[in-house]
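Take a look at the letters that make up each chain.
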Amino acid sequence: MSWIREGELNLIEKLSANILKAGPMPKHVAFIMDGNRRYARKRHVERQEGHTQGFDKLAETLRWCLNLSIHEVTVYAFSIENFKRSKDEVDGLMELAKQKFIRLLQEQDNLEKHGVCIRVLGDLTLLPLDLQQHIARAVVATRTHNKCFLNVCFAYTSRHEIANAVREMAWGVEQGLIKSSDVSEALLGHCLYSSNSPNPDLLIRTSGEVRLSDFLLWQTSHSCLVFQSVLWPEYSFWNLCDAILQYQLNHRPLQKARDQHREGQALQQLEADRACVADLLQHHGNGKPLDAQRRQEALLNYTASREERVQDFLGALQHKRDSFLTDLTSQAALA
Amino acid sequence: MAIVYEFVWQVLHVLLHIHRTLITWFRIRLRNWNGRLWSRALTALIVPMALSFPNQKNIVPAPGKRVGRRYRWGADGKSLEKLPDHIGLLIAEEEPRYTDIANLVVWCMAVGISYVSVYDNYGVFRRNNSRLMDEILKQQQELLDLEGSKQLCVEFLNNGTDKQDQQVLSCQSVLKVLSPDDGKLRIVQAAQQLCRAVEQREKTSEDINVTVLDSLLRESKSTPDPDLVLKFGPVESTLGFLPWHIRLTEFISLPSHVGVSYEDLFSALQRYASCEQRLGK
């Protein structure tokens, strides 16, 4: 399969993998695949060749992740900022992406066999229409697969993603599905492009740069960040093992920080619900203060109704997104 | 077989921990050894002077030396190819040492960095704001001898409200004390504000974009995003530090803020000066 290289680990690699797997393993790894152009310069080849080799390395890395029982991978393929590059380079990248997605669709049987679900995160409307249609077909075709997940960030920046999530919540308010007081950290997280995935446990950036470049800023606030100096097309199984080792060393303190954050979030939600209930009682009550039990009942009722509203809204949002993709696929079929 | 793998894994991690501990121990020993070397060298020079000034036995260097350091640090800052406009000090360690952090803040300002943010994962600095401020003022005096002059002073921003009893004169540098609430929670609050505006038909959902959200999340128009974050401690994560603002921030890790030296800070700044930002191009 072109997107996931066939093959097994050799004996030493298998041994190391088994040793690593004795400890906590990341379930979701994110990659910033940086260094294709520097690799091309180093090898005195065309930039386009660097990007092609970068894609091949991605296929190999996905194979390693599966061997290590890492079932979800998110990659930063193309940033909205990358549109600033020369027209030739951008066109080349769009063409490469198109070829890869067409190839993917030709390998549907293999995808089904391996249970690969492909998702593309980003503002697809910024891409050429034919590429949008290929992407839509690939995503719709693999939607129901659930053995492993590949999220490709294309025409993506984290700020756009967060702003889009806020816009979706505002849409929900406009449609009367939710109230502005329902807006919370959890709800915002559910409105991101990555809402169907858990947060990445581990974020790896290659080529020695030590910044996040607008990638998954919301989702990686408590992830283990590993910056490696190897260029992406030269990435090796041992680089991946090194990153996982770093994850294992940071596992406990990060788990603790995450749990603490979650507790804080739950408390904030409770306080917000209490404030809303107090507000409601003030406006609709008959002036008499309620006893503690009635207040508690009112709080539980309010929380239940808020959660129901939120579920309905999220259902409507998912339907909107699914319709966008199926519309694109039917356009492609007609064309 | 699984038991064997688990055993090997345990051994591997024990070795890694020992390795880490040894490195930390060597680093501290090396610094102390270097420190002793310097103090021996200085004593060799100063002893003749000390003989003529029998009361000059204090550890704090003479005022002349402090002024000299201030100018040296300023010159160091100017010598770098680029200096961050806004530096974040992320303390990812359990027990913060206020003196060390105060030193870092004072050095950053002396070198010429306009905005300094201090952050920890538990919100400790926010809660103990006044203790941190006192420590910084004390170290400013100690390190830079600025009792008389007000060239370098600090404006404390605490959610936008300045404390009245602080010296808010011609401020060259601004200090911000941050906690996790300034991160995701601020974004959620901005989102609620926008949704309320939509609820009251003052805005539509289509009006919401990156620029609108960014202007709500910017404390003041002049505060830049952090260019550089120095992370102190063994945990490799941003731990909730200003998710919106760190899209282009360089992250440099330092082992610990305890006993950190000016040289540690300066070498991190040199590393920052040599990095190349292509901004997507």
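Refer to the structure above for everything that follows.
Residues numbered from 1 in each chain as written. Chains lettered and ligands numbered in written order. Predicted model: local features only at pLDDT ≥ 70, side-chain atom pairs only at ≥ 80, totals over all residues. Heavy atoms only, no water.

**Observations regarding the overall build of chain A**
Part 1 of the argument: Per the secondary structure count, chain A includes 10 helices and 6 strands.
Part 2 of the argument: Expressed as lengths along the three principal axes of its C-alpha atoms, the size of chain A is roughly 80 × 50 × 40 Å.
Part 3 of the argument: Within chain A, buried positions represent 56% of all 335 residues.
Part 4 of the argument: Of all intrachain contacts in chain A linking residues separated by at least 6 positions in sequence, the fraction that spans at least 24 positions is 81%.
Part 5 of the argument: Summed over its atoms, the accessible surface of chain A is roughly 15000 Å², and 51% of this surface lies on carbon and sulfur atoms.
Part 6 of the argument: Positive and negative side-chain charges in chain A, numbering 40 and 41 respectively, have mean positions lying 3 Å apart. (Helix = DSSP H or I, 4+ residues; strand = E, 2+ residues; numbered from the N terminus. Buried < 20%, exposed > 50% of the residue type's maximum accessible area, 1.4 Å probe, protein only. Contact = heavy atoms within 4.5 Å. Areas by Shrake-Rupley, 256 points an atom, 1.4 Å probe, with all protein chains shown as cover. Lys, Arg positive; Asp, Glu negative; His and termini not counted. Charge placed at Lys NZ, Arg CZ, Asp CG, Glu CD.)

**Some points on the overall build of chain B**
Part 1 of the argument: Scanning chain B for helices and strands turns up 8 helices and 6 strands.
Part 2 of the argument: In chain B, which comprises 281 residues, the share counted as buried stands at 44%.
Part 3 of the argument: For chain B, the computed accessible surface area is about 15100 Å², with 56% contributed by carbon and sulfur atoms.

**So, the interface of chain A and chain B**
Part 1 of the argument: Facing the 57 residues of chain A at the interface are 57 residues of chain B.
Part 2 of the argument: Each partner contributes to the roughly 5000 Å² buried at the junction of chain A and chain B, and carbon and sulfur atoms together form 60% of this total.
Part 3 of the argument: For the chain A face of the interface with chain B, the top three residues by lost area are R159(A), R211(A) and L249(A), together amounting to 15%.
Part 4 of the argument: Linking chain A with chain B are 7 salt bridges, by the criterion used here.
Part 5 of the argument: Between E81(A) and R247(B) there is a salt bridge whose closest N-O contact spans 4.0 Å.
Part 6 of the argument: Across the chain A-chain B interface, the total number found is 23 residue pairs in polar contact (both at pLDDT 80 or more).
Part 7 of the argument: Elements with a minimum of two residues in the side of chain A that touches chain B: α1 (11–20), α2 (36–43), α7 (158–174), α8 (185–190), β6 (224–227) and α9 (237–284) of chain A.
Part 8 of the argument: When grouped by side-chain class, the residues that make up the side of chain A that touches chain B number 26 nonpolar, 16 polar and 15 charged. (Buried area = accessible area lost by both parts, 1.4 Å probe. Salt bridge = Lys/Arg side-chain N within 4 Å of Asp/Glu carboxyl O. Polar contact = N/O pair within 3.5 Å; in protein donor to acceptor, adjacent residues only side chain to side chain. Nonpolar A, V, L, I, M, F, W, Y, C, P; charged D, E, K, R; others polar.)

**What about a nonpolar patch on the surface?**
Residue and element names in this part refer to chain B.
Part 1 of the argument: A contiguous nonpolar patch, built from M1, V4, F7, V8, V11, V14, L15, I18, L22, W25 and F26 and spanning about 1100 Å² of accessible area, is present on the exposed surface.
Part 2 of the argument: Among the structural elements, V14 can be located in helix α1 (residues 2–52).
Part 3 of the argument: By relative accessible area, V14 is classed as partly exposed at 48%. (Patch = residues over 30% accessible without salt bridge, like charges linked within 9 Å, V, L, I, M, F, W, Y side chains within 5 Å.)

**Re the environment of L20(A)**
Part 1 of the argument: Note that L20(A) resides in helix α1.
Part 2 of the argument: Since its relative accessible area comes to 4%, L20(A) is described here as buried.
Part 3 of the argument: Along the chain, L20(A) and D242(A) lie 222 residues apart, while their C-alpha atoms are 9.9 Å from each other.
Part 4 of the argument: If sequence neighbours within four positions are ignored, L20(A) has contacts with M25(A), C241(A), I244(A), L245(A), Q248(A) and W9(B).

**Description of the packing of aromatic side chains**
Part 1 of the argument: For the structure shown, the criterion picks out 21 aromatic pairs over all chains.
Part 2 of the argument: Across from the ring centre of W171(A), 4.0 Å away, lies the NZ or CZ of K320(A), which sits over that ring.
Part 3 of the argument: Just above the ring of Y272(B) sits the side chain of K82(B); from NZ or CZ to the centre is 4.9 Å. (Phe/Tyr/Trp six-rings, centres within 6.5 Å; stacked < 30°, edge-to-face > 60°. Lys NZ or Arg CZ within 6 Å of the ring centre and 35° of its normal.)

**Thoughts on the pattern of salt bridges**
All names here are of chain A.
Part 1 of the argument: Counted by the stated rule, this structure contains 37 salt bridges over all chains.
Part 2 of the argument: Close ionic contact of K87 with D91 constitutes a salt bridge, the shortest N to O distance being 2.7 Å. Linking K87 with D91, this pair stays in helix α4 (residues 87–106), spanning 4 residues, or about one helical turn.
Part 3 of the argument: The exposure class assigned to D91 is partly exposed, which follows from its relative accessible area of 37%.

**Brief notes about the sheet that holds strand β4 (residues 148–156) of chain A**
Residues and elements named next belong to chain A.
Part 1 of the argument: Spatially, 6 strands are ordered β3-β4-β2-β1-β5-β6 in an open sheet, and the strand pairing comes out parallel. Bordering the open sheet on either side are β3 (116–121) and β6, each of which pairs with just one other strand. Sheet twist, expressed as the average angle between the axes of neighbouring strands with direction ignored, equals 20°.
Part 2 of the argument: Examined bridge by bridge, strand β5 (residues 202–205) and β6 share 4 bridges and lie parallel to one another. Looking at the pairing, L202 lines up with C224 of β6. (Pairing = 2+ DSSP bridges. Axes fitted to C-alpha atoms, helices over the stretch in contact; angles between N-to-C directions.)

**Description of the pairing of strand β2 (residues 115–120) of chain B**
The two faces of a sheet get side chains in turn, since along a regular strand they alternate between them.
Residue and element names in this part refer to chain B.
Part 1 of the argument: For β2, the buried fraction is high: 6 of the 6 residues fall into the buried class.
Part 2 of the argument: On β2, burial covers both faces: Y115, S117 and Y119 on one face and V116, V118 and D120 on the other are all buried.
Part 3 of the argument: Alignment of strand β1 (residues 86–91) against β2, held across 6 bridges, turns out to be parallel. Within β2, the position partnered with H86 by the bridge is Y115.

**A closer look at the nonpolar core**
Part 1 of the argument: F31(A), F101(A), F154(A), L202(A), F215(A), Y235(A) and L240(A) are the most contacted members of the largest nonpolar core, which has 84 residues in total.
Part 2 of the argument: Sort the elements by how many residues they give to this core and α9(A) lands first, with 9 residues.
Part 3 of the argument: L202(A) has contacts with P26(A), H28(A), V29(A), A30(A), S223(A), C224(A), V226(A), A243(A), I244(A) and Y247(A), leaving out every residue within four places of it along the chain.
Part 4 of the argument: Judged by nonpolar contacts, the second largest core, of 41 residues, contains L104(B), V105(B), L132(B) and V177(B). (Core = buried A, V, L, I, M, F, W, Y, C linked by side-chain atoms within 4.5 Å.)

**Some thoughts on the packing of helix α3 (residues 98–111) of chain B against helix α8 (residues 262–273) of chain B**
A pair of packed helices is captured by two measures, namely the crossing angle of their axes and the spacing between those axes.
Residues and elements named next belong to chain B.
Part 1 of the argument: At a minimum axis separation of 10 Å, α3 and α8 run at an interaxial angle of 50°. Between α3 and α8, the angle falls in the class oblique. Taken as a pair, α3 and α8 cross one another with a handedness that is right-handed. Facing α3, whose interface residues are L104, W107, C108 and V111, α8 presents Y262, L265 and L269.
Part 2 of the argument: Residue composition of the contact of α3 with α8, grouped by class: 7 nonpolar, no polar and no charged. (Parallel < 35°, antiparallel > 145°, perpendicular 65-115°, else oblique. Left-handed = near helix turned anticlockwise from the far one by under 90°.)

**Here we look at unusual backbone geometry**
Part 1 of the argument: The phi dihedral of H44(A) falls on the positive side, at around 55°, and the residue is not glycine.
Part 2 of the argument: With respect to the element layout, H44(A) can be found in the loop between α2 and α3 (47–67).
Part 3 of the argument: Exposure remark for H44(A): the relative accessible area of 72% places this residue in the exposed category.
Part 4 of the argument: Here the phi dihedral of L239(B) falls at roughly 50°; this positive angle occurs in a residue that is not glycine.

**Some details on the environment of F237(A)**
Residues and elements named next belong to chain A.
Part 1 of the argument: Within the fold, F237 resides in helix α9.
Part 2 of the argument: Along the backbone, F237 and K27 are 210 residues apart, and their C-alpha atoms lie at a distance of 17 Å.
Part 3 of the argument: Setting aside residues up to four positions removed in sequence, F237 forms contacts with L9, E13, A17, W64 and L68.

**Structural notes on the environment of I246(B)**
Part 1 of the argument: Mapped onto the fold, I246(B) is located in the loop between β5 (228–232) and β6 (250–254).
Part 2 of the argument: Looking at I246(B), the relative accessible area reads 1%, which means it is buried.
Part 3 of the argument: Sequence separation between I246(B) and L90(B) is 156 residues; the distance between their C-alpha atoms is 12 Å.
Part 4 of the argument: I246(B) has contacts with L212(A), L217(A), T238(B), F241(B) and F251(B), leaving out every residue within four places of it along the chain.

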